[in-house]
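Notes for the structure review
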Number of protein chains: 2
Amino acid sequence: MRNIRLLLEYDGTQYGGWQRQKNSVTIQQRLEESIYSITGEHAEAVGCSRTDAGVHAKGFVCNFHTSCGIPENKVRDALNSKLPVDIRVLLSEEASVEFHSRYCSKGKTYSYTIINRDISPVIYRNYACHIKQKLNVEEMSRAAQYLVGKHDFAAFRNTGSSVKTSVRTITQLDVTCEGEYIKLYGTADGFLYNMMRIIAGTLIEVGIGKRKAWELAGILNSGDRTKAGKSAPPQGLCLEKVYY
Amino acid sequence: MRNIRLLLEYDGTQYGGWQRQKNSVTIQQRLEESIYSITGEHAEAVGCSRTDAGVHAKGFVCNFHTSCGIPENKVRDALNSKLPVDIRVLLSEEASVEFHSRYCSKGKTYSYTIINRDISPVIYRNYACHIKQKLNVEEMSRAAQYLVGKHDFAAFRNTGSSVKTSVRTITQLDVTCEGEYIKLYGTADGFLYNMMRIIAGTLIEVGIGKRKAWELAGILNSGDRTKAGKSAPPQGLCLEKVYY
């Protein structure tokens, strides 16, 4: 069996997230249907993570096993001819038999986009979270630095996954500002369930002055989910890159 | 009667353009319905231009007459409470009785966004035109300079409007490039019907090497619409600003 690795870009607006579900259409489902169309095989598409409903990806990685004879680089165009316009394969290539999109991942970068203005945004509204109150970007940036490094992020995860440890290493957590667009870029060796959205939600609370930057140290140490901020809404989140 | 001026942002994806039509929902229609909801009056919303189906706006200006007593700055929130999420009023203010959004306009800036990459874009696909062939941005920029200044732009308009003269002055036509995003910014004292889209389409043909930059001078002089390029698709176009 061949093992094909795909790089995907998708607009999560219309989907119930990556993973197959009974009550909504998912990206995994659409991809597996397309794989079936071109190979006649019921393959499982193994994803690098389980993005939630409404979350986007510019660099999602997945892989599937097949005995079809389509050349590795032609798989991309064959799948794109079957996929809906809001899911695209950017690259297809043959991987080693052992390659597993989730287990082999060494890290990921997520972005979180905020539109900070009075009136709710129109253009790009599906790709950003709207915050009305003026955000203090410098204070958000200061708060973010408390999270960089190797920590137990138990306070920054929602229940729903059964990973063994909640210790992760964030190597980068930058807050950038360009006009009314504020973007967070977070890179870690792994993210717990909803971790990036809870980080974004907590930094937003710092930005509006509800919390102080230095409080982040205490929240982190508490290991208590109720001490951190709310999960920021899904449409601001985008999986930018997966590292192997 | 009071004369209220509005600054609008809208996502044109779902609309048949600005102007009221029989067979599709338009932005003017939705706005006039909202004005009726808050004032009980059948006012005409006078727009600064007639954007086509699929074209967006970040700074569209319109005005309407009313005898309602809502304070000028409260009109904004009142209308936003009635409008669909893809149309927002950014500002509302009382204008002088003579103010007319179209006749008083001294100029406009449009942007045209291109995503230049192999695979069709997913995120922002409704806000950009996709060009597969690698574009030569420097050559496009050189071509654009032939159009700056006061010229007869008869070669760059489609039939459909009955303006007296096709002479216009372009004060700025910049081509910028950031990664796979190429943006044109055009400012003129006025734009003929489809002018910015025909300029974009012609510059794209220069960018892919189908035409040379210097050919623009001849196209301009010919006054012949068939000499210029195709109209680029509507979703890349955005009305950025109107000057008074």
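Criteria and thresholds
- Residue positions are given per chain, counting from 1 as you read along its sequence in written order.
- For naming, the first written chain is A and the first written ligand is 1, with later ones following in the order written.
- Only residues with pLDDT of at least 70 are given local features in this predicted model, and only at 80 or more are side-chain atom pairs given and counted; all residues enter the totals for whole chains, interfaces and linings.
- Excluded from the side-chain calculations are hydrogens and water; all other atoms, namely the structure's heavy atoms, are used.
- For this analysis, residues touch if any pair of their heavy atoms sits within 4.5 Å.
- What counts as buried area is the accessible surface, traced by a 1.4 Å probe, that two parts surrender upon association, with contributions from both included.
- What counts as a salt bridge is simple: a side-chain nitrogen of Lys or Arg found within 4 Å of a carboxyl oxygen of Asp or Glu.
- A 3.5 Å cut-off defines polar contacts: any pair of N or O atoms within that distance qualifies, except that in protein one atom must be a possible hydrogen donor and the other a possible acceptor, and neighbouring residues in sequence count only when both atoms are side-chain atoms.
- Put simply, DSSP marks the helices as runs of H or I at least four residues long and the strands as runs of E at least two long, and each gets a number from the N terminus on.
- Residues are grouped as follows: Ala, Val, Leu, Ile, Met, Phe, Trp, Tyr, Cys and Pro are nonpolar; Asp, Glu, Lys and Arg are charged; all remaining types, including Gly, are polar.
- Burial status follows relative accessibility: with a 1.4 Å probe on protein chains alone, a residue under 20% of its type maximum counts as buried, one over 50% as exposed, and anything between as partly exposed.
- Strands are treated as partners if at least two bridges between them are detected by DSSP.
- Residues reaching a pLDDT of at least 70 in both copies supply the C-alpha atoms on which the copies are superposed by least squares.
- As used here, the term nonpolar core means buried Ala, Val, Leu, Ile, Met, Phe, Trp, Tyr and Cys residues forming a set that is joined through side-chain atoms within 4.5 Å.
- Start and end positions for the domains come from either an automated domain assignment or a database one.
- Stacked, tilted and edge-to-face are the three classes applied to pairs of Phe, Tyr and Trp rings, where Trp contributes its six-membered ring and a pair requires centres within 6.5 Å; stacked means planes under 30 degrees apart, edge-to-face means over 60, and tilted covers the rest.
- Here, over-ring charges are defined by two tests on the NZ atom of lysine or the CZ atom of arginine: distance to the ring centre within 6 Å, and angle to the ring normal within 35 degrees.
- Here a helix's expected span is defined as the number of its residues, less one, multiplied by 1.5 Å.

**Some remarks on the interface of chain B and chain A**
Each partner contributes to the interface: chain B provides 25 residues, whereas chain A provides 25 residues. Buried surface at the junction of chain B and chain A, both sides included, amounts to about 2100 Å², of which 58% is carbon and sulfur. There are six salt bridges connecting chain B and chain A. Taken together, the links from chain B to chain A amount to 10 residue pairs in polar contact (both at pLDDT 80 or more). Counting residues per element, the ones that place at least two in the side of chain B that touches chain A are strand 1 (2-10), strand 3 (56-66), helix 2 (74-80) and strand 4 (87-95) of chain B. Broken down by element, the side of chain B that touches chain A gets its largest block of residues, four residues, from strand 4 of chain B. Grouping the amino acids of the side of chain B that touches chain A by side-chain chemistry returns 13 nonpolar, three polar and nine charged.

**A few points about the side chain of R211 of chain B**
Residues and elements named next belong to chain B. With respect to the helices, strands and loops of the structure, R211 is situated in the loop between helix 4 (195-207) and helix 5 (215-222). Of the polar contacts made by the side chain of R211, one reaches the backbone oxygen of K227; its length is 3.0 Å. There is a polar contact of 3.4 Å between the side chain of R211 and the backbone oxygen of A228.

**Points about the pairing of strand 3 of chain B**
Residues and elements named next belong to chain B. In terms of burial, strand 3 is a largely internal element, nine of the 11 residues being buried. For strand 1 and strand 3, the ladder comprises eight bridges, and the chain directions are antiparallel. Note on strand 3: the bridge partner recorded for N3 is H65.

**Observations regarding the pattern of salt bridges**
In this structure the tally under the stated criterion is 26 salt bridges over all chains. Here R20 of chain A and E32 of chain A are joined by a salt bridge, their closest N and O atoms 2.5 Å apart. Pair noted here: R20 of chain A is in the loop between strand 1 (2-10) and helix 1 (27-39) and E32 of chain A is in helix 1, with a separation of 12 residues, a long-range link. Residues R76 of chain B and D118 of chain A are paired through a salt bridge, measuring 2.9 Å at the closest nitrogen-oxygen approach. One end of the pair, R76 of chain B, is in helix 2; the other, D118 of chain A, is in the loop between strand 5 (107-116) and strand 6 (129-131), on a second chain. Taking relative accessible area as the criterion, R76 of chain B reaches 16% and is therefore assigned buried. A network of salt bridges, in which partner residues are shared, links E9 of chain A together with R117 and E180 of chain B.

**Considering the relation of the copies chain B and chain A**
The operation relating chain B to chain A is a screw motion whose rotation component is 180°, with 0.0 Å of axial translation and a residual RMSD of 0.0 Å. Such a turn and shift between the copies fits a two-fold axis. Minimal C-alpha separation from the rotation axis in chain B is found for Y124 of chain B, amounting to 3.6 Å. Most of the interface of chain B is mirrored in chain A: 100% of its interface residues are interface residues there too.

**Here we look at the nonpolar core**
Among the nonpolar cores identified, the biggest contains 67 residues, and L6, L8, L31 and F156 of chain A are the most heavily contacted of them. Two domains each donate at least three residues to this core, and these are domain 1 (2-95) and domain 2 (107-243) of chain A. Excluding residues within four positions of it along the chain, L8 of chain A makes contact with W18, I27, L31, A57, K58, G59, F60, C62, R88 and V89 of chain A. One finds I114, L173, I204 and L237 of chain B within the second-largest nonpolar core, a separate group that totals 66 residues.

**Some remarks on the domain arrangement of chain A**
Residue and element names in this part refer to chain A. You can read the domains of chain A as domain 1 (2-95) and domain 2 (107-243). For domain 1 and domain 2, the distance between their C-alpha centroids amounts to 27 Å. The contact between domain 1 and domain 2 buries some 1100 Å² in all, and 53% of this surface belongs to carbon and sulfur atoms. It is D52, H56 and K58 that lose the most area in domain 1 upon contact with domain 2, and together they represent 40% of the buried surface on that side. There are one salt bridge connecting domain 1 and domain 2. The partner of D52 in a salt bridge is R197, and the shortest N-O contact between them spans 3.0 Å. On inspection of domain 1 and its partner domain 2, the count reaches 10 residue pairs in polar contact (both at pLDDT 80 or more). Of the residues belonging to the side of domain 1 that touches domain 2, the class tally is six nonpolar, five polar and three charged.

**Quick notes on the packing of aromatic side chains**
Scanning the entire structure with this criterion turns up 15 aromatic pairs over all chains. Relative to Y181 of chain B, the ring of Y124 of chain B lies with its centre 6.3 Å away and its plane at 65°, an arrangement referred to as edge-to-face. Here Y181 of chain B lies in strand 9 (residues 181-188) and Y124 of chain B lies in the loop between strand 5 (107-116) and strand 6 (129-131), a separation of 57 residues in the sequence. We classify Y124 of chain B as buried; its relative accessible area is 15%. Counting every residue linked through ring pairs, the aromatic cluster contains Y124, Y127 and Y181 of chain A together with Y124, Y127 and Y181 of chain B. Residue placement shows R5 of chain A over the ring face of F99 of chain A; its charged tip is 4.5 Å from the ring centre.

**Some points on helix 1 of chain A**
All names here are of chain A. Helix length check: helix 1 (13 residues) gives 18 Å between terminal C-alpha atoms against 18 Å at 1.5 Å per residue, within 8%. Of all the positions in helix 1, only I27, Q28, Q29, L31, E32, S34, I35, I38 and T39 are classed as buried. Structurally, helix 1 contributes buried residues whose contacts are with strand 1, strand 3 (56-66), helix 2 (74-80) and strand 4 (87-95). If you check the start of helix 1, you find a side-chain oxygen 3.2 Å away from the backbone N of Q29, and it comes from T26. Just beyond helix 1, the residue with positive phi is G40, at close to 75°.

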